[in-house]
Amino acid sequence: MSQLPHLHEASAHHAEASRPSVPAAGRVVIVSASVGAGHDGAAAQLALRLAGSGHAVDRWDFLDLVPAGLGPLVSECYRRLLTVAPSAYQRIYSSTESTGRPGALIRLIQRSTHRKLLRSLPPDTRAVVATYPIAGQVLGTLRGRGRLAVPAAVYLTDFSVHPLWVAPGVDLHLAAHPVPAEQARAHGAERVTVAGPVVDPRFTPTTEALRTAARARFGLPPGAPLALLVAGSWGVGEVARVAAEVRATGAAVPVVVCGKNRALAERLRADGVEHAFGWVRDMPGLMHACDVLVQNAGGLTSLEAFACGLPVVSYRCIPGHGLTNAAALDRAGLAPWVRDPAQLAAVLAAMADGPTGRRYREAGLALHRDASGPAEAIAAIAAIPAGGSPAVRAGGASPAVPADAAPPAHAAPPPLIPAQRRRPDRAATPAPGRESALASTPASTPTPRRVGRRPDLRPGRRVGLVLAALSATAWLSTAGAQLAVAYGGFDAVDASRTGRAFLVVHPPHGGHLDDATLSALSAVQAAVSVDTDEAAADPAEVRRFAAAGLTLVNAGYGPPYRSGIVTRRNSVDAGADALRSATGAGSSFFLSSRDVDALDLGLAAYHREHLVVPDLRIACGSAVTPQLRPGQIVLVECGSADPAGLTTTMNRLLTSHRPPHLGALTTLS
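The shown structure was predicted, so the numbers you read here are calculated from the model rather than taken from an experiment. (Residues numbered from 1 in each chain as written. Predicted model: local features only at pLDDT ≥ 70, side-chain atom pairs only at ≥ 80, totals over all residues. Heavy atoms only, no water.)

Student: Even after reading the chapter, I still don't get the sheet that holds strand β7 (residues 226-230), so can you show me in this structure?
Tutor: Adjacent strands of a sheet pair through backbone hydrogen bonds, lying either parallel or antiparallel. Spatially, the six strands line up as an open sheet ordered β9-β8-β7-β10-β11-β12, and their pairing is parallel. Because the sheet does not close on itself, it has two edges, and the strands there are β9 (275-277) and β12 (337-338). Sheet analysis places strand β11 (residues 312-315) next to β12, joined by two bridges and oriented parallel. Bridge assignment links Ser314 to a residue of β12, and that residue is Trp337. Sheet strands touched by helix α14 (residues 344-352): β10 (292-295), β11 and β12. Its angle to β11, the strand with the most contacts, is close to 165 degrees. (Pairing = 2+ DSSP bridges. Helix = DSSP H or I, 4+ residues; strand = E, 2+ residues; numbered from the N terminus. Contact = heavy atoms within 4.5 Å. Axes fitted to C-alpha atoms, helices over the stretch in contact; angles between N-to-C directions.)

Student: Explain the state of the cysteines here, please?
Tutor: A covalent bond bridging the sulfur atoms of two cysteines is what the word disulfide describes. Inspection of the entire model under this criterion finds one disulfide. Each disulfide pairs two cysteine sulfurs, and for Cys620 the partner residue is Cys638, the sulfurs being separated by 2.3 Å. In this pair, Cys620 sits in the loop between β18 (616-619) and β19 (633-637) while Cys638 sits in the loop between β19 and α25 (643-656), placing the two residues 18 residues apart along the sequence. Note on accessibility: Cys620 and Cys638 belong to one class, buried. (Disulfide = S-S within 2.5 Å. Buried < 20%, exposed > 50% of the residue type's maximum accessible area, 1.4 Å probe, protein only.)

Student: Just checking my understanding: could you explain the packing of aromatic side chains for this structure?
Tutor: Where two aromatic rings form a pair, the distance of their centres and the angle of their planes describe that pair. Evaluation of the coordinates by the stated rule reveals two aromatic pairs. Seen from their ring centres, Phe62 and Tyr132 are 5.9 Å apart, and the 50 degrees between their planes marks the pair as tilted. Here the residue Phe62 occupies a position in the loop between β2 (56-61) and α3 (71-84), and Tyr132 occupies one in the loop between β3 (125-130) and α6 (133-144), the gap between them amounting to 70 residues. Residue class for Phe62 comes out buried when judged on its relative accessible area of 3%. Centre to centre, the rings of Phe218 and Phe277 are 5.8 Å apart; their planes meet at 85 degrees, and the pair counts as edge-to-face. (Phe/Tyr/Trp six-rings, centres within 6.5 Å; stacked < 30°, edge-to-face > 60°.)

Student: What should I look at first to understand the sheet that holds strand β5 (residues 172-175) in this one?
Tutor: In spatial order, the strands read β2-β1-β3-β4-β5-β6; together these six strands make up an open sheet with parallel pairing. Each edge of the open sheet is held by one strand with a lone partner, namely β2 and β6 (192-194). Pairs of neighbouring strands in the sheet enclose a mean axial angle of 25 degrees, with direction left out of account. The strands touched by α6 within the sheet are β1 (27-32), β3 and β4 (152-155), with β3 carrying the most contacts at an inclination of about 140 degrees. Against the sheet, helix α7 (residues 178-186) contacts β5 and β6, and its axis sits at roughly 175 degrees relative to β6.

Student: How should helix α23 (residues 571-583) be read in this particular structure?
Tutor: Because an α-helix packs 3.6 residues into every turn, residues spaced three or four apart end up facing the same way. Its 13 residues place the ends of α23 18 Å apart at the C-alpha level, agreeing with the 18 Å of an ideal helix rising 1.5 Å per residue. Considered for burial, the residues of α23 that qualify are Ser571, Val572, Ala574, Gly575, Ala576, Ala578, Leu579 and Ala582. At its buried positions, α23 is contacted by β14 (527-530), α21 (532-537), α22 (539-547), β15 (551-554), β16 (589-591) and α24 (598-606). Gly584 occupies a position one or two residues after α23 and carries a positive phi of about 85 degrees. (Expected span 1.5 Å × (residues − 1).)

Student: Hey, could you run me through the nonpolar core in this one?
Tutor: Soluble, globular proteins show a tendency: their nonpolar side chains are buried together. Residues Phe62, Leu117, Val128 and Leu148 are the most contacted members of the largest nonpolar core, which totals 42 residues. Every element with two or more residues in this core is listed here: β1, α5 (104-120), β3, α6, β4, α7 and β6. A per-element tally of this core places α6 first, with five residues. Among the nonpolar cores identified, the runner-up in size contains 34 residues, and Val199, Leu228, Leu286 and Leu329 belong to it. (Core = buried A, V, L, I, M, F, W, Y, C linked by side-chain atoms within 4.5 Å.)

Student: Whenever I open this one, a positive patch on the surface confuses me. Can you help?
Tutor: Taken together, Arg111, Arg115, Arg145 and Arg147 make up a surface patch of like positive charges. You can see Arg111 is positioned in helix α5. You can call Arg111 exposed: its relative accessible area is 52%. (Patch = residues over 30% accessible without salt bridge, like charges linked within 9 Å, V, L, I, M, F, W, Y side chains within 5 Å. Areas by Shrake-Rupley, 256 points an atom, 1.4 Å probe, with all protein chains shown as cover. Salt bridge = Lys/Arg side-chain N within 4 Å of Asp/Glu carboxyl O. Lys, Arg positive; Asp, Glu negative; His and termini not counted. Charge placed at Lys NZ, Arg CZ, Asp CG, Glu CD.)

So this is what it looks like as structure tokens:
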């Protein structure tokens, strides 16, 4: 995906100080969001084209409008959901898709941004455009209530349209293709224009000369078929797995772009993936070098590939929009969606060379060739006189923007002029003439006075909002995290849907297990948990566990398997480091109680460990041994007991109570 140059931030202040008189074309404000790179990338290209046609353009980040500086927290929560708890993100996505409205927290965020957005609009604003769905919802609300007097548009950056993209009150929804346009109408959008995509002009059709030069520049093999794997700016999804599967097909050499996820790039190189890159600034060149793109999200990168004539394949897509975008691209005939891994080799070979690949290349190029892009439609609504905007909102057709039709093509590509990207001024106050962008009360109608309301209460409301946001964040970080883990979310292994029980043994401290006990544990696929004290005191014994084929589990500081505010805060880190020091390798599991918080979950995710929360605990050598049931994770806790007690307990479990089939933890990860 395209990244916003840091130059934009630095040049905004200079541009503000030296700004000339507003061009006759008028000012357009674009509101995107730094959530990934797709929304910002689309906003950047819209700004370049509008600036090239004579408009003054301001770009704002919606997250900067969120009060108390909580915008980055919103972005980080979204990233964590995708990387740590993709199943939870899928449930949230499906829930909002079925209800067609955001949750209570998102609605609170929306309401909190209304005033700040209105205060931030310059008085000469002629149109406002959103490239982020929540920003579009805010514009629609303000427009519908008459508080925003200029036209508002939403550019649909995704190829599938979630209901939250459709904002009642917005004058125009802009789609890249008839498929998303149809979905937007189905969700209630009254006015939709198929305007085509917008990408960086550097993404041009490849040629043999460009391919040869690009492969030499990136150090790629000159003659082999290359499959470019992308996973967005955050490097999310099953990237390592897909790279291994592509390499195993023999149909193409994987070339992986990990975005800002440096750890992923290092992991891939360690796994033998020779061509693994971090953030790539010359994505056009890398696309020119490759034969097929394998994507998992269906965002801006797919549109960029189409512009290069690079065929696209959707595979192992991320939850939520990744799956729906894959389905929409497949339906549009632009990118096949491979659902069966057994078909991957054949699809890659067909797309890289042959009539199938040529057909998809032509479809992608036609998507860009047959439409001029949404900038023309935005320019048209910005040219509507102030008195004419209500007709647009009511659904009246404008000759400049015919409903459901693509605008005329550009005579020539617009120049690359850096767009401004401004942060709204927190101290800004409405300037004279602001009524051109904001609806105002007529002079003949006095504004009613609210009895008992004092202006100095506004700081109190802000403090209240901050406290409410902090309280919600604290709850989500503690009690909310515990509830998520209790219900199998946030990468906690879930055995409830299996027909097996799973044993985890915490062996006795200071005692050695004999070979017969190790063999018995291996036979029932038991895992062995290792705490920091044991790993430090007897690393040779820990290596014996690993050599016997037992799955090792990070037990942190040991019982009661929970982190404290101070003394046990780094239990996840300490256990992972101790295991790595003893064996040279980490663990895929962390033994935990349900007393966790967001920091624990984040640390476990950092170490790529799944949480193992026991459903049943059995003391080593106990005279009473409960019946095991399918779907349980059972912890056999030995502590300071004699090693013989473990043998006794195992014999009782496996013979006296006829337990169900026992499984290995590795099957749950």
